[in-house]
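Commentary on secondary and tertiary structure
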Amino acid sequence: MKKIILLFCAILFTQIFSFADELTDVQAFFDKYVSAANTYSKEIPNYYLNDAKIIRVVIKKDGTKQAVNFPMSDYKAQMSKSAKLAKIVGYKNNYRNVSVTKEGTDYKVSALRYPNKDTKGLSCYFIVTNTPNGYKIKVESMDTEVQDFLKYAK
């Protein structure tokens, strides 16, 4: 009986440490993504699945919110166009209160995003999945006050 209990405890501890390692790996992936984004790396599209879901939640002037979805193909095109301007103006996103949780087989990275000189922060989350090619962003959702995104709403 003692051997069974010891075996069970060993398996349980292995699972706990494995889970902690996974969360650390996802956090490291997210940190690399943020660094690449803030240095305007051309590798940014490689951080996403080809069919990733991109959501901008527009905070309208009246305080209501509207989600606007983008196909990944449009998002990639938008990224390549805007990267040069972002680099010129020094646009960067900083993330605070970052937390990583496991959701089924995926991971949710939640944070407050501080674009440029914003001081109040905007909610965002990323669903990250493990693929044979490493971690990839499956869903990206960011609150924004940029009203121009509303023209893409359907």
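Our structure is the block above this text.
In short, a report on the structure. (Residues numbered from 1 in each chain as written. Predicted model: local features only at pLDDT ≥ 70, side-chain atom pairs only at ≥ 80, totals over all residues. Heavy atoms only, no water.)

1. Overview of unusual backbone geometry
Most peptide bonds are trans, and most residues other than glycine sit at a negative phi. Positive phi values are uncommon outside glycine, yet Tyr 40 reaches one of about 60°. Among the secondary structure elements, Tyr 40 is positioned in the loop between α1 (2-38) and β1 (48-59). (Helix = DSSP H or I, 4+ residues; strand = E, 2+ residues; numbered from the N terminus.)

2. Concerning the layout of surface pockets
In this model, the largest pocket occupies a volume close to 1,100 Å³. Of all elements in the fold, only α1, β1, α2 (72-89), β3 (93-103), β4 (106-115) and β6 (134-144) reach the threshold of two or more residues within the lining of the largest pocket. The dominant element in the lining of the largest pocket, judged by the number of residues it contributes, is α2, at 13 residues. Considered class by class, the residues forming the lining of the largest pocket number 22 nonpolar, eight polar and ten charged. (1 Å grid on protein atoms, 1.4 Å probe; cavity = no way out; pocket = protein on both sides within 12 Å on 5 of 7 lines; lining within 4 Å. Points joined across faces, edges and corners; volume = space filled by probe spheres on them. Nonpolar A, V, L, I, M, F, W, Y, C, P; charged D, E, K, R; others polar.)

3. So, the pattern of salt bridges
For the structure shown, the criterion picks out five salt bridges. Across the pair Glu 145 and Lys 120 runs a salt bridge whose closest N-O atoms are separated by 2.6 Å. Note that Glu 145 is positioned in the segment after β6 and Lys 120 in the loop between β4 and β5 (122-131), a separation of 25 residues in sequence. Since its relative accessible area comes to 37%, Glu 145 is described here as partly exposed. With a relative accessible area of 53%, Lys 120 lands in the exposed category. (Salt bridge = Lys/Arg side-chain N within 4 Å of Asp/Glu carboxyl O. Buried < 20%, exposed > 50% of the residue type's maximum accessible area, 1.4 Å probe, protein only.)

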